[in-house]
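Secondary and tertiary structure notes
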Amino acid sequence: MLCYSGPLSSTQLPNSVSAGSRLRVAYQGVRGAYSEAAAEKAYPNCEAVPCDQFDAAFEAVEKWIVDRAVLPIENSLGGSIHRNYDLLLRHSLHIVGEVKLAVRHCLLANHGVRVEDLQRVLSHPQALAQCENTLTKLGLSREATDDTALAAKYVAFNKLKDTGAVASSSAAKIYGLNILAEDVQDDCDNVTRFLMLAREPIIPGVEKPFKTSIVFSLEEGPGVLFKALAVFALRQINLTKIESRPLRNQPLRASDDSNNGSKYFDYLFYVDFEASMAEERAQNALRHLKEFATFLRVLGSYPVDTTML
Ligand SMILES: O=C(O)C(=O)C[C@]1(C(=O)O)C=C[C@@H](O)C=C1
């Protein structure tokens, strides 16, 4: 049985899987992070395995150290987690599910510390962004940490008197901090969507609502993106998300029009659509898209998380 004294990092990944029947699920962060709660929601009774960075979680699945990874992809207030979009393409894991988690932030501090004593607050950049208005009102300076629970751990271990943390109520319990304020996010509807990743894809079905995530690139030219999106509209397929990311390792290309001297970038488009790859209309849409896409990969076709938050 392997024992971890801290989160896994990609340079220190052990090279064998522990024996045992519980599903091992990697997440980014330390105990008490929202990602841990998401891993436990996605796979009840799993053994949630902390990883220091997103890359380490991807690698832990690829190297068979864990069975799955659960990683954040977008938040209703803060938007996309771009790093994970980029990593999805750099690695060969498949999306096998999604899970939505209501994120309710607390302002935490050591016992005896009052809100008026605080000068600064530590947390994950997404969490700080989600509490922007509250923290500005309190006049607190902000510092980023790798995850929310790490901020709580740091404040507790260093017995800081002038520094608080924005993190979950479970982080408060784990690290022995006091909850100074609850629900400090700017909007009560603060939801983060996490992806469930595995080495093998699941067989898409039609017995419940499915979603498919793809990534593609296109030739430059007028109306090409319009044409790409039309393959879905023509078949009444609803898109739930579109995200563009720079296509790395591609040099900037000068425009053919040398008169204006402008340059343009190459992009990857990530699209989520509401259909299963088991449906003919989805297969036809992707066949159609392939006619003019320069690259196309299906990242996964998986059940929609319809649970109430
Ligand atoms: O820092 C944590 O607790 C995380 O799980 C990370 C994370 C994120 O990456 O967005 C997850 C959910 C919240 O939106 C804030 C932070």
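What counts, and where the lines are drawn
- Residues numbered from 1 in each chain as written.
- Predicted model: local features only at pLDDT ≥ 70, side-chain atom pairs only at ≥ 80, totals over all residues.
- UniProt positions renumbered as here; feature names shortened; annotations may be inferred.
- Helix = DSSP H or I, 4+ residues; strand = E, 2+ residues; numbered from the N terminus.
- Near = placed C-beta within 6 Å.
- Nonpolar A, V, L, I, M, F, W, Y, C, P; charged D, E, K, R; others polar.
- Domains from an automatic or database assignment.
- Buried ≥ 20, exposed ≤ 12 C-beta atoms within 10 Å, placed from the backbone.
- Contact = placed C-beta atoms within 7 Å.
- Pairing = 2+ DSSP bridges.
- Axes fitted to C-alpha atoms, helices over the stretch in contact; angles between N-to-C directions.
- Parallel < 35°, antiparallel > 145°, perpendicular 65-115°, else oblique.
- Left-handed = near helix turned anticlockwise from the far one by under 90°.
- Core = buried A, V, L, I, M, F, W, Y, C linked by C-beta atoms within 7 Å.

1. Examining the UniProt feature "domain: Prephenate dehydratase" (unreviewed entry) in the protein
Here, UniProt's "domain: Prephenate dehydratase" (unreviewed entry) annotation points to residues 24-199. Measuring from the first to the last C-alpha atom of residues 24-199 gives 13 Å, for a span that is 32% helix and 34% strand.

2. Quick word on the site of the ligand
The ligand sits among 15 residues. The nearest are Ala33, Ser35, Gln126, Asp147 and Thr148. For the shell around the ligand, the secondary-structure elements that each account for two or more residues are helix 1 (34-42), strand 3 (68-75), helix 4 (125-130) and helix 6 (148-157). Grouping the constituent residues of the shell around the ligand by class yields seven nonpolar, seven polar and one charged. Mapping the shell around the ligand onto the domain boundaries places at least three of its residues in each of domain 1 (10-101 + 192-198) and domain 2 (106-182).

3. A closer look at helix 6
Summarising burial for helix 6: eight of the ten residues are buried, a large majority. Taken together, the buried positions of helix 6 are Thr148, Ala149, Leu150, Ala151, Ala152, Lys153, Val155 and Ala156. Following helix 6 by one or two positions, Lys159 has its phi on the positive side, about 50°.

4. What about the environment of Leu268?
Mapping Leu268 onto the fold places it in strand 16 (residues 267-273). The exposure class assigned to Leu268 is buried, which follows from the 20 C-beta atoms found within 10 Å. Between the C-alpha atoms of Leu268 and Val30, which are 238 residues apart in sequence, the distance is 32 Å. With near-sequence residues (within four places) excluded, Leu268 lies in contact with Leu89, Val215, Ser217, Ser244, Arg245 and Leu247.

5. What to know about the sheet that holds strand 7 (residues 120-123)
If you walk across this open sheet you meet the five strands as 8-7-9-6-10, and the pairing is mixed. The sheet is open, and its two edges are formed by strand 8 (141-144) and strand 10 (178-182), each paired on a single side. Between one strand axis and the next, the sheet turns through 30° on average, direction left out of account. Helix-sheet contacts for helix 6 involve strand 6 (106-109), strand 7 and strand 9 (163-167), and the interaxial angle to strand 9 is about 150°.

6. Things to note about the packing of helix 8 (residues 224-233) against helix 9 (residues 280-290)
Describing two packed helices takes the angle between their axes plus the distance from one axis to the other. Where helix 8 contacts helix 9, the axes come no closer than 9 Å and their chain directions differ by 165°. Regarding the angle of helix 8 to helix 9, the classification is roughly antiparallel. The crossing of helix 8 and helix 9 is right-handed. Each of Ala228, Val231 and Phe232 in helix 8 lies in contact with helix 9, whose residues at this interface are Ala285, His288 and Leu289. Looking at the contact of helix 8 with helix 9 residue by residue, the classes come out as five nonpolar, one polar and no charged.

7. Brief notes about the pairing of strand 11 (residues 191-198)
In terms of burial, strand 11 is a largely internal element, six of the eight residues being buried. Of the strand pairs in this sheet, strand 5 (residues 94-102) and strand 11 are connected by eight bridges, and their pairing is antiparallel. Pairing of Leu101 across the sheet is with Thr192, part of strand 11.

8. A short note on the domain arrangement of the protein
Here the protein is described as being made up of domain 1 (10-101 + 192-198), domain 2 (106-182) and domain 3 (210-302). Contacts between the two partners involve eleven residues from domain 1 and, on the opposite side, nine residues from domain 3. Across the side of domain 1 that touches domain 3, the residue classes tally to five nonpolar, four polar and two charged.

9. What about the nonpolar core?
The biggest cluster of nonpolar side chains holds 82 residues, and the ones touching the most others in it are Ala60, Ala69, Leu108 and Ala152. The contacts of Leu108, once residues within four sequence positions are left out, are Ala152, Val155, Gly164, Ala165, Ala167, Ala171, Ala172, Leu177, Asn178, Ile179 and Leu180.

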